[in-house]
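Results of the structural survey
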Amino acid sequence: MKGSGKARAHANIALIKYWGKRDESLVLPMNSSLSLTIDCFYSETEVVFSGDFDRDYFYLNGKLQEKDATERVSKFLDLFRKAKNLDLPARVESINYLPTAAGLASSASGFAALAAAANVASGLNLDKRELSIYARQGSGSATRSIYGGFVEWRKGSSHEDSYAVPIDDASWDVGMVIVVINKREKKVSSRAGMKRTVETSPFYKVWVESAEEDLKEIKIAIKNRDFERMGLIAERNGLKMHASMLGANPPLSYWEPESLVVMQMVHQLRREGIPCYFTMDAGPNVKILCRLSESHKIRDRLIEVFDPNQIIIAKPGPGITIL
Ligand code: DP6
């Protein structure tokens, strides 16, 4: 028997962050989160199950991967093999399409594309909701990359009801300007960083409570297409996540001096009447939520300080596509 499937999935940037798991093996989050899928970063992945292979092989950007990365993929494919009673090794070929100066997290698009491709290759035929449950077990943020536009990941009460729900297709004047501060690999992965925060930060409990409040509010703002309110909630939610990390032991920070330069520029632009708001994840790069129609104005200001190669304009992106 043989089966193959190929799919594309886009990255997403959280406006209400996922930071912390209540179940590490099932990847169940402590709080619900919400993101915008973006068009400019995506992964394309092909999965072939075949008895011709002696083991699983995983190629990323054309390069055969070593044991650790392959094991994470194998473990993920086991979910499909188990569900379909499929006892076949696989070859996985994945390409991350990232603009020249990228170095941004790719686990969301990576695991969403892998889930969608494995779904076809195994013949499991999950619907999108079930697919988001599968993607979640590869990487939490991948749950949300199944859909385009604004997506909520409901934390749920169990494995079966922790999945993503599309809430708005973002087909209004919304965009992001991404400032790539550096491309170096992060010293502490988000997986390790959130674990440390959950286990040691005295601010963690407050983070979870206030993230749930922020989520409720931002959903109303999105529904009303109240851009400024949405941006203010996203900006403060991101800052609270980073505050929870500062309280960890040892303390954790992903910021670099240039990250702060961008944050100050965003506030200056706001004072000048351009609504724009920053958010950061487990790295120094800054994402600026803005009106798509004003993204070029913001870019022009940023290139007074940064190299044009460091600035990427993102539009809302689509959900998974079967290729
Ligand atoms: C800061 O999804 O990379 O980007 O579930 O351990 O694979 P794992 O973590 P991951 O964490 C993303 C954290 C974040 C916020 C977010 O995307 O919501």
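Since this is a predicted model, take the numbers as computed values, not measurements.

This part takes up the overall build of the chain. Counting its secondary structure elements, the chain contains eight helices and 14 strands. In terms of C-alpha radius of gyration, the chain reaches 19 Å, essentially the compact-globule figure of 20 Å for 323 residues. Its C-alpha atoms give the chain principal-axis dimensions of roughly 65 × 40 × 40 Å. Each of the 323 residues in the chain was classed as buried or not, and the buried ones make up 55%. For the chain, the proportion of contacts with a sequence separation of at least 24, taken over those separated by at least 6, is 75%. If you sum the accessible surface of the chain, you get close to 14200 Å²; carbon and sulfur atoms cover 51% of it. With 44 positive and 40 negative side-chain charges, the chain shows a spacing of 1 Å between the two charge centroids.

What follows concerns the environment of L88. As for its placement among the helices and strands, L88 is situated in the loop between helix 1 (67-84) and strand 7 (90-97). Separated by 173 residues in sequence, L88 and V261 have C-alpha atoms that sit 51 Å apart.

So, about the domain arrangement of the chain. Here the chain is partitioned into domain 1 (2-171) and domain 2 (175-314). Of the residues lining the interface, 36 residues belong to domain 1; the matching set on domain 2 comes to 43 residues. A buried area of about 3200 Å², summed over both sides, lies between domain 1 and domain 2, and 68% of it is on carbon and sulfur atoms. Inspection of the region where domain 1 meets domain 2 yields three salt bridges. The closest approach of N and O atoms between E152 and K219, which form a salt bridge, is 2.8 Å. Scanning the region where domain 1 abuts domain 2 turns up ten residue pairs in polar contact (both at pLDDT 80 or more). Counting residues per element, the ones that place at least two in the side of domain 1 that touches domain 2 are strand 1 (2-16), strand 4 (33-50), strand 8 (150-153) and strand 9 (164-168). Examining the composition of the side of domain 1 that touches domain 2, we find that seven residues originate from one element, strand 4, more than from any other. Tallied by class, the residues present in the side of domain 1 that touches domain 2 amount to 20 nonpolar, seven polar and nine charged.

Neighbouring the ligand are 18 residues, the closest being Y18, S139, G140, S141 and R191. The separation between an oxygen atom of the ligand and a polar side-chain atom of S141 is 2.6 Å. Side-chain polar atom of R191 to an oxygen atom of the ligand: 2.6 Å apart, as the coordinates give it. Counting residues per element, the shell around the ligand draws most heavily on helix 4 (residues 190-200), which supplies three residues. Taken together, the residues that form the shell around the ligand break down as seven nonpolar, five polar and six charged. For the shell around the ligand, the domains that each give at least three residues are domain 1 (2-171) and domain 2 (175-314).

Take the pattern of salt bridges next. Taken as a whole and judged by the stated rule, the model has 21 salt bridges. Residue K67 pairs with E71 through a salt bridge whose shortest N-O separation is 3.5 Å. Residue K67 and its partner E71 are located together in helix 1, separated by four residues, close to a single helical turn. The residue D214 makes a salt bridge to K240 at a minimum N-O spacing of 2.9 Å. Taken as a pair, D214 in helix 5 (residues 204-223) and K240 in helix 6 (residues 227-246) lie far apart in primary sequence, 26 residues in all. Within this structure, D214, E217, R229, R236 and K240 form a network of salt bridges that share partners.

Before going further, it helps to examine the packing of aromatic side chains. Evaluation of the coordinates by the stated rule reveals eight aromatic pairs. Here F76 and F111 contribute two aromatic rings whose centre-to-centre distance is 5.4 Å and whose plane-to-plane angle is 75 degrees, an arrangement assigned as edge-to-face. Of the two residues, F76 is situated in helix 1 and F111 in helix 2 (residues 107-122); the sequence distance between them amounts to 35 residues. A residue is classified by how much of its surface remains accessible, and F76, at 3% relative accessible area, is buried.

Bringing helix 3 (residues 128-138) into the picture now. Most of helix 3 sits out of view: eight of its eleven residues are buried. If you check which residues of helix 3 are buried, you get L131, S132, I133, Y134, A135, R136, Q137 and G138. Residues of helix 3 that are buried sit in contact with strand 3 (28-29), helix 1, helix 2, strand 8, strand 9 and helix 4. The opening residue of helix 3 is D127, an N-cap whose side-chain oxygen sits 3.2 Å from the backbone nitrogen of R129.

Here we come to a nonpolar patch on the surface. Where nonpolar side chains cluster on the molecular surface, the patch consists of L239, W255 and L260 and spans about 230 Å² of accessible area. By secondary structure assignment, the location of L239 is in helix 6.

What follows concerns the sheet that holds strand 10 (residues 175-179). Adjacent strands of a sheet form backbone hydrogen bonds with each other and so pair up, either parallel or antiparallel. Strand order in the open sheet formed by four strands is 11-12-10-13, and the pairing between neighbours is antiparallel. Two strands lie at the open edges of the sheet, namely strand 11 (276-280) and strand 13 (311-314), each paired on one side alone. Each neighbouring strand pair of the sheet contributes to a mean axis angle of 25 degrees, computed without reference to strand direction. Direction of pairing for strand 10 relative to strand 13: antiparallel, over a ladder of four bridges. From the neighbouring strand, M176 faces strand 13, where its bridge partner is A314. Sheet strands touched by helix 7 (residues 257-271): strand 10, strand 11 and strand 12 (286-290). Its angle to strand 11, the strand with the most contacts, is close to 160 degrees. Across the sheet, helix 8 (residues 295-302) is in contact with strand 10, strand 11, strand 12 and strand 13; its angle to strand 13 comes to roughly 170 degrees.

The rules we used
- Residues numbered from 1 in each chain as written.
- Predicted model: local features only at pLDDT ≥ 70, side-chain atom pairs only at ≥ 80, totals over all residues.
- Heavy atoms only, no water.
- Helix = DSSP H or I, 4+ residues; strand = E, 2+ residues; numbered from the N terminus.
- Rg over C-alpha atoms; globule rule 2.2 N^0.38 Å.
- Buried < 20%, exposed > 50% of the residue type's maximum accessible area, 1.4 Å probe, protein only.
- Contact = heavy atoms within 4.5 Å.
- Areas by Shrake-Rupley, 256 points an atom, 1.4 Å probe, with all protein chains shown as cover.
- Lys, Arg positive; Asp, Glu negative; His and termini not counted.
- Charge placed at Lys NZ, Arg CZ, Asp CG, Glu CD.
- Domains from an automatic or database assignment.
- Buried area = accessible area lost by both parts, 1.4 Å probe.
- Salt bridge = Lys/Arg side-chain N within 4 Å of Asp/Glu carboxyl O.
- Polar contact = N/O pair within 3.5 Å; in protein donor to acceptor, adjacent residues only side chain to side chain.
- Nonpolar A, V, L, I, M, F, W, Y, C, P; charged D, E, K, R; others polar.
- Near = heavy atom within 4 Å.
- Phe/Tyr/Trp six-rings, centres within 6.5 Å; stacked < 30°, edge-to-face > 60°.
- Patch = residues over 30% accessible without salt bridge, like charges linked within 9 Å, V, L, I, M, F, W, Y side chains within 5 Å.
- Pairing = 2+ DSSP bridges.
- Axes fitted to C-alpha atoms, helices over the stretch in contact; angles between N-to-C directions.

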